[in-house]
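Coordinate analysis (summary)
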Amino acid sequence: METKKTFLKLLRDELFSWLPTQQRLATAIDGLMLTRIDQQTSPEKCLYYPMIALVVQGEKQAFYGEHEILYGAGEYVILGSDMPGIFHIVESSPEHPFLSLSIRLDARILAGLSLEDGGDLPAGQGNDSAIGKEKASADILLAFYRLVRLLKEPRGIPLFAGPVIREIHYAILKGGLGKKLRLAITPGTRDHRIAQSIAWLRGHFAEAFSMPGLARQVNMAPSTFNRCFRETTSISPLQFQKRLRLYEAQRLMQREGLDARSASRRVGYESEAQFSREYKRLFGQTPGRDSSRSLA
């Protein structure tokens, strides 16, 4: 226990050195994100990539699909697939800010480790996404600490970041959600087919598609595909595509300064009125407000 407390303190000190003020920092290590938030927040909608997110200080409540998870210092959450979510910070202050870090899960690393390890697949096909929280072991905390320490030695990142990230993947593969993650990366399983369809939607969200056609791509009957997709993400494929379009439109307006009409066209909408209605329904305000804010 003392060892875990020591590693948490070391991690906290490292995060403070990189996050002197409230911010989300995309680091020089691909897929590693550092976060500091100095106050409790209102619920915020987002679309998550597969990832492992470790809380170092404070507490966060998140809704991933139909899963509600409350996690704090020394706990991490694993998301095994793309997932719409809502989160808010429930424990944070300027004197005791919320601190966390996350890395993207790499299906290729998980698949390679699963093959090398020879772990047996569980019986059955599963019926939900690999989502859950676990308490971080001393080994995982140490691995994250070593990863963050590499940011101060950029010449070592190409040499040492990969092995440490691989070590973290191995640790979660051996943890409580390991069997579910194995299903998601094993060709032929239902979980893997749904993951393939999600990846296709990620890359083609601006294009029109039919659900029967997407189901055929992954060799599933349309009714089975729709049910399994909902069990994984909590929404239908068409709703998932809509979320992808709207989140990308918000990013284009807020970060690249596009106006609402240009953003709607870029993400695949033909009707600006429909875009405005759906945007307001998801975010609670018109796209024009986000567009004008980006230019202020």
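Thresholds applied
Residues numbered from 1 in each chain as written. Predicted model: local features only at pLDDT ≥ 70, side-chain atom pairs only at ≥ 80, totals over all residues. Heavy atoms only, no water. Helix = DSSP H or I, 4+ residues; strand = E, 2+ residues; numbered from the N terminus. Rg over C-alpha atoms; globule rule 2.2 N^0.38 Å. Buried < 20%, exposed > 50% of the residue type's maximum accessible area, 1.4 Å probe, protein only. Areas by Shrake-Rupley, 256 points an atom, 1.4 Å probe, with all protein chains shown as cover. Core = buried A, V, L, I, M, F, W, Y, C linked by side-chain atoms within 4.5 Å. Contact = heavy atoms within 4.5 Å. Pairing = 2+ DSSP bridges. Axes fitted to C-alpha atoms, helices over the stretch in contact; angles between N-to-C directions. Parallel < 35°, antiparallel > 145°, perpendicular 65-115°, else oblique. Nonpolar A, V, L, I, M, F, W, Y, C, P; charged D, E, K, R; others polar. Expected span 1.5 Å × (residues − 1). pLDDT = per-residue confidence, 0-100.

Considering the overall build of the protein
Assigned secondary structure in the protein consists of twelve helices and ten strands. Taking 19 Å as the expected radius of gyration for a compact globule of 296 residues, we find that the protein reaches 20 Å, a close match to that expectation. The dimensions of the protein, computed from C-alpha atoms along their principal axes, are 55 × 55 × 35 Å. Taken across its 296 residues, the protein has 47% of its residues classed as buried. Accessible surface computed for the protein: about 14600 Å², of which carbon and sulfur atoms make up 50%.

Considering the nonpolar core
Among the nonpolar cores identified, the biggest contains 39 residues, and Leu-11, Ile-29, Ile-52, Leu-54, Leu-101, Phe-144 and Leu-147 are the most heavily contacted of them. Residues within four places of Leu-54 in sequence aside, it is in contact with Leu-11, Gly-74, Glu-75, Tyr-76, Leu-99, Ser-100, Leu-101, Ala-136, Leu-141 and Phe-144. Judged by nonpolar contacts, the second largest core, of 30 residues, contains Ile-194, Cys-228, Leu-246 and Ala-260.

As for the sheet that holds strand β7 (residues 75-79)
Here six strands make up an open sheet; going across it, the order is β1-β2-β9-β4-β7-β10 and the pairing antiparallel. In this open sheet, the two edge strands, each paired with only one partner strand, are β1 (23-26) and β10 (131-135). Between one strand axis and the next, the sheet turns through 20 degrees on average, direction left out of account. Relative to strand β9 (residues 98-104), strand β4 (residues 51-57) is paired through six bridges, and the arrangement is antiparallel. In the sheet register, Ala-53 faces β9, and the bridge partner there is Ser-102. Here helix α3 (residues 138-149) sits on the sheet in contact with β2 (32-37), β4, β7 and β9, set at roughly 85 degrees to β9.

With respect to the sheet that holds strand β5 (residues 59-64)
Read across the open sheet, the four strands follow the order β3-β8-β5-β6; overall the sheet is antiparallel. Only two strands of the sheet have a single neighbouring strand rather than two, namely β3 (44-48) and β6 (67-72). Ignoring strand direction, the axes of neighbouring strands in this sheet form an average angle of 30 degrees. Looking at chain direction, β3 and strand β8 (residues 83-91) are connected through five bridges and run antiparallel. When the bridges of β8 are listed, Leu-47 appears paired with Pro-84. Where helix α9 (residues 237-256) meets the sheet, it contacts β3 and β8, and its direction lies at approximately 110 degrees from that of β3.

Considerations on the pairing of β1
Sheet topology places β1 next to β2; four bridges connect them, and they run antiparallel. Each residue of the ladder has a partner; that of Arg-24, found in β2, is Thr-35. The antiparallel hairpin formed by β1 and β2 contains five residues in its connecting segment, where Gly-31 sits at a positive phi of about 90 degrees.

Let's talk about the packing of helix α2 (residues 107-117) against helix α5 (residues 178-185)
The axes of two packed helices give the description: the angle between them and the distance between them. Viewed as axis vectors pointing N to C, α2 and α5 meet at an angle of 110 degrees, and their least axial separation amounts to 10 Å. Classified by the interaxial angle, the pair formed by α2 and α5 is roughly perpendicular. Facing Ala-107, Leu-110, Ala-111, Ser-114 and Asp-117 of α2, the residues of α5 in contact are Leu-181, Arg-182 and Ile-185. Tallied by class, residues from the contact of α2 with α5 come to five nonpolar, one polar and two charged.

Description of helix α6 (residues 190-204)
For α6, which comprises 15 residues, the first-to-last C-alpha distance of 21 Å matches the rise-based estimate of 21 Å (1.5 Å per residue) to within 8%. Every buried residue of α6 is listed here: Arg-190, Asp-191, His-192, Ile-194, Ser-197, Ile-198, Leu-201 and Arg-202. Residues of α6 that are buried make contact with β3, α5, α7 (211-217), α8 (222-233) and α9.

A short note on the confidence of the model for the protein
A low pLDDT score tells you not to read the predicted coordinates there in detail. Considering every residue of the protein, the mean pLDDT works out to 88; 93% of them sit at 70 or more. When mean pLDDT is compared element by element in the protein, β2 scores highest at 97, while helix α12 (residues 287-295) scores lowest at 61. The low-confidence segment residues 121-127, where pLDDT is below 50, has 17 contacts with residues more than four positions distant or belonging to other chains.

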